[in-house]
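Here is how the chains run, residue by residue.
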Amino acid sequence: MTRAVSLPSGGSMPVLGLGTWRLGEVANRRDAEVAAVRSAIAMGYRLIDTAEMYGDGGSEEVVGQAIAEAVRAGEVRRDELFIVSKVLPHNASRKGTVQACARSLGRLGIDRIDLYLLHWQGSHPLRDTCAALQALVAQGDIGQWGVSNFDVDDMAELNALGEGKACAANQVYYSLGERGPEFSLLPWLRNHGQPMMAYSPIDQGALATSPELGALAALRGVTAAQIALARLLAEPGVVAIPKAVRAVHLRENLAAAELTLEPEEIAAIDRLYPPPRRKAPLAMI
């Protein structure tokens, strides 16, 4: 993986990573899921996204075990990985955020989360959450912090608190089937130098079976899912984190980050999945 996006406070993040939603939910799948994450690391994945919400911490445990095994086997160094996790809104008080982060660090078995996100805005004052996140950076428990499922109004509120410049990224539902963020949110983030992380970028697998995308993909000798990912990654400042466990899908997704679309291919995709013409509420899964 060579392509990356710059983060506003320094450093960079790979343009494609591994999503881990739904991992860690069933105990008897644990070994297979750990093996899948290890396989992803062996293939070259360096960005892994998880959250305390996923499997009630089970996803973090799967990711943590895979990291520990891969590092112990000499397959990767910890500092080569970029680990993202998230705090649930109901835990995001000033004290609760710090406590939630400690629990996540324990499940992940690491001493620092590279990017820690507020999963969505809840009832705790944003100012308190930001203060806790800044404290976590200062004490070295997290490298940077950001947000998730924040629309333009939420980002503006963050800026009004004077915290906007510290926010490293915003993770939202963004795919060819849900291009709403392109209308105002993506331009806003670009103007502020903040990457947009796209979760469910293949619409939970639905785009992989699109006959129309499949026909376009066949002309390039790639898959519909790869074309769908490549179209998102053609947008400056976008990072995609598709979830996959099967080796064939992991390889295809990673390869999509190196796929450069021609202008006529982009135009053809945009005819199938038109960009938004007006502002729409931010979609969430």
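Preceding block: the structure.
Summarised in this report is the structure supplied together with it. (Residues numbered from 1 in each chain as written. Predicted model: local features only at pLDDT ≥ 70, side-chain atom pairs only at ≥ 80, totals over all residues. Heavy atoms only, no water.)

**Comments concerning the pairing of strand β8 (residues 167-173)**
What counts is decided by this rule: In this scheme, a residue with accessible area under 20% of its type's maximum is buried, one over 50% is exposed, and one in between is partly exposed, where area comes from a 1.4 Å probe on protein chains only. Going along the chain from the N terminus, every DSSP run of H or I of four or more residues is numbered as a helix, and every run of E of two or more is numbered as a strand. We call two strands paired when DSSP finds no fewer than two bridges between them. We call a crossover right-handed when, viewed with both strands directed away from the observer, the connection leading from the first strand over the helix to the second proceeds clockwise.
Burial within β8 is extensive, with seven of its seven residues counted as buried. Where β8 meets strand β9 (residues 196-199), four bridges bridge the pair, whose relative direction is parallel. In the sheet register, Gln171 faces β9, and the bridge partner there is Met197. Tracing the backbone out of β8, into helix α6 (residues 185-191) and back to the parallel element β9 gives a crossover that is right-handed.

**Notes on the side chain of Glu33**
Rule in force here: We score Asp and Glu as negative and Lys and Arg as positive, and we do not count His or the chain ends. Each reported salt bridge corresponds to a side-chain nitrogen of Lys or Arg within 4 Å of a carboxyl oxygen of Asp or Glu. Contacts were defined at the residue level, with two residues in contact if any of their heavy atoms lie within 4.5 Å.
By the secondary structure assignment, Glu33 is in helix α1 (residues 30-43). Within the buried core, Glu33 has no salt-bridge partner, and the shortest N-O distance to an opposite charge, that of Arg29, equals 4.8 Å. Residues in contact with Glu33, not counting those within four places in the same chain, are Arg22, Leu23, Gly24 and Val62.

**So, the pattern of salt bridges**
Applying the stated criterion across every chain yields a total of 17 salt bridges. Across the pair Lys279 and Asp151 runs a salt bridge, and its minimum N-O distance is 2.7 Å. One end of the pair, Lys279, is in the segment after α10 (263-272); the other, Asp151, is in the loop between β7 (142-148) and α5 (152-160), and 128 residues separate them in sequence. On the basis of relative accessibility, which here comes to 40%, the residue Lys279 falls in the partly exposed class. Note that Arg179 and Glu182 form a salt bridge whose closest N and O atoms lie 2.9 Å from each other. Summarising the burial analysis for this pair, Arg179 and Glu182 share the class buried. Here the salt bridges share partners, and the residues they tie into one network are Arg179, Glu182, Arg190, Arg231, Glu235 and Asp270.

**Quick look at the packing of aromatic side chains**
Geometrically, a pair of aromatic rings is defined through the distance of the ring centres and the angle of the planes. Which entries qualify depends on this criterion: By convention, a stacked pair of Phe, Tyr or Trp rings (six-membered ring in the case of Trp) has centres within 6.5 Å and planes under 30 degrees apart, an edge-to-face pair has planes over 60 apart, and any other such pair is tilted. Sitting over a ring, as applied to charges here, requires NZ of Lys or CZ of Arg to be within 6 Å of the ring centre and within 35 degrees of the ring normal.
Summed over all chains, the structure comprises one aromatic pair. Pairing Tyr173 with Tyr199 gives two aromatic rings, centres 5.8 Å apart and planes at 15°, and the pair type is stacked. Taken together, the positions of Tyr173 in strand β8 and Tyr199 in strand β9 put the pair 26 residues apart, joining distant regions of the chain. Tyr199 matches Tyr173 in its accessibility class, with the two residues each being buried. The ring of Trp21 carries the charged tip of Arg22 above its face, separated from the ring centre by 5.4 Å.

**A few points about the nonpolar core**
Put simply, the rule reads: Nonpolar cores were defined as sets of buried Ala, Val, Leu, Ile, Met, Phe, Trp, Tyr and Cys residues, with membership established by side-chain atoms within 4.5 Å.
One finds Met13, Leu115, Tyr116, Met155 and Leu213 to be the most contacted residues of the largest nonpolar core, which totals 91 residues. Here the element with the most residues in this core is helix α8 (residues 224-233); it accounts for eight residues.

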